[in-house]
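So you can see what is in the structure, the chains are spelled out below.
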Amino acid sequence: MLFLGTKKFPKENYYKDFLNKHGGSSNAATGMEHTTYMFDVNCRDFEGALDIFSQFFKEPLFNPDSTARELRAVDSEASRFPMAYLQYSL
């Protein structure tokens, strides 16, 4: 949900596009109590990538249409793999 745009960088997928254009990538892993975000990018582009990344936590947009789409995607995944999500409800 954080990657759907920010006040400073409102275009969806701006972060992913930036990383792709600058030799980078990103990933995330969600555990029981926290989520870990990681990215790599060419050294000379680190400050730009970090600025974009930090805006997700400072001023996310949470556009209603994008948020609804993401909620449907999570619900769809949870319904296909219910045992994977059962651990979070115990």
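See the structure above.
Quick summary incoming for the structure in this document. (Residues numbered from 1 in each chain as written. Predicted model: local features only at pLDDT ≥ 70, side-chain atom pairs only at ≥ 80, totals over all residues. Heavy atoms only, no water.)

### Here's the deal with the environment of Arg 69
For the record, the criterion: Helix and strand definitions follow DSSP, with helices as H or I runs of at least four residues and strands as E runs of at least two, each counted in order from the N terminus. Contact criterion: two residues are considered in contact whenever any of their non-hydrogen atoms come within 4.5 Å of each other.
Along the chain, Arg 69 turns up in helix α3 (residues 64-80). Excluding its chain neighbours within four sequence positions, the residues that come into contact with Arg 69 are Leu 4 and Glu 12.

### Let's talk about helix α1 (residues 14-21)
Side chains three or four residues apart in an α-helix point the same way, a direct result of the helix having 3.6 residues per turn. What counts, and what does not: The cut-offs for exposure are 20% and 50% of the maximum accessible area for each residue type, with area from a 1.4 Å probe on protein chains only; residues under the lower value are buried, those over the upper are exposed, and the others partly exposed. This arc is taken over the directions from the axis of the helix to the C-beta atoms.
Where α1 is concerned, the buried positions are Tyr 15, Phe 18 and Leu 19. Projected down its long axis, α1 carries its buried residues within an arc of 95 degrees, all on one side. Seen from the open side of α1, the exposed residues pointing more than 90 degrees away from its buried face are Lys 16 and Lys 21. Buried residues along α1 sit in contact with β1 (25-30), β2 (35-40) and α2 (46-58). One or two positions beyond α1, positive phi appears at Gly 23, with a value near 70 degrees.

### Re α2
Stated formally: Each residue after the first adds 1.5 Å to the expected span of a helix.
Over its 13 residues, α2 extends 18 Å from the first C-alpha to the last, a length consistent with the 18 Å expected when each residue adds 1.5 Å. Where α2 is concerned, the buried positions are Ala 49, Ile 52, Phe 53, Ser 54, Gln 55 and Phe 56. Buried residues along α2 sit against α1 and β2.

### Quick notes on the packing of aromatic side chains
Filter applied, for reference: Any Phe, Tyr or Trp ring, taking Trp's six-membered ring, that has another such ring centre within 6.5 Å forms a pair; planes under 30 degrees apart are called stacked, those over 60 apart edge-to-face, and the others tilted.
Applying the stated rule across the entire model yields 10 aromatic pairs. Considering the side-chain rings of Tyr 37 and Phe 53, the 6.1 Å spacing of their centres and the 70 degrees angle between planes classify their relative orientation as edge-to-face. Within this pair, whereas Tyr 37 is found in strand β2, its partner Phe 53 is found in helix α2, the two being separated by 16 residues in sequence. On the accessibility criterion, Tyr 37 (31% relative accessible area) is partly exposed. On the basis of relative accessible area, Phe 53 is assigned to the buried category, the value being 14%. With centroids separated by 6.0 Å and ring planes inclined at 80 degrees, the aromatic side chains of Phe 53 and Phe 56 adopt a geometry described as edge-to-face. With Phe 53 and Phe 56 both in helix α2 and three residues apart, the pair spans about one turn of that helix. Taken as a pair, Phe 53 and Phe 56 share a single burial class, namely buried. Members of the aromatic cluster, each reached through a chain of ring pairs, are Tyr 15, Tyr 37, Phe 39, Phe 46, Phe 53, Phe 56 and Phe 57.

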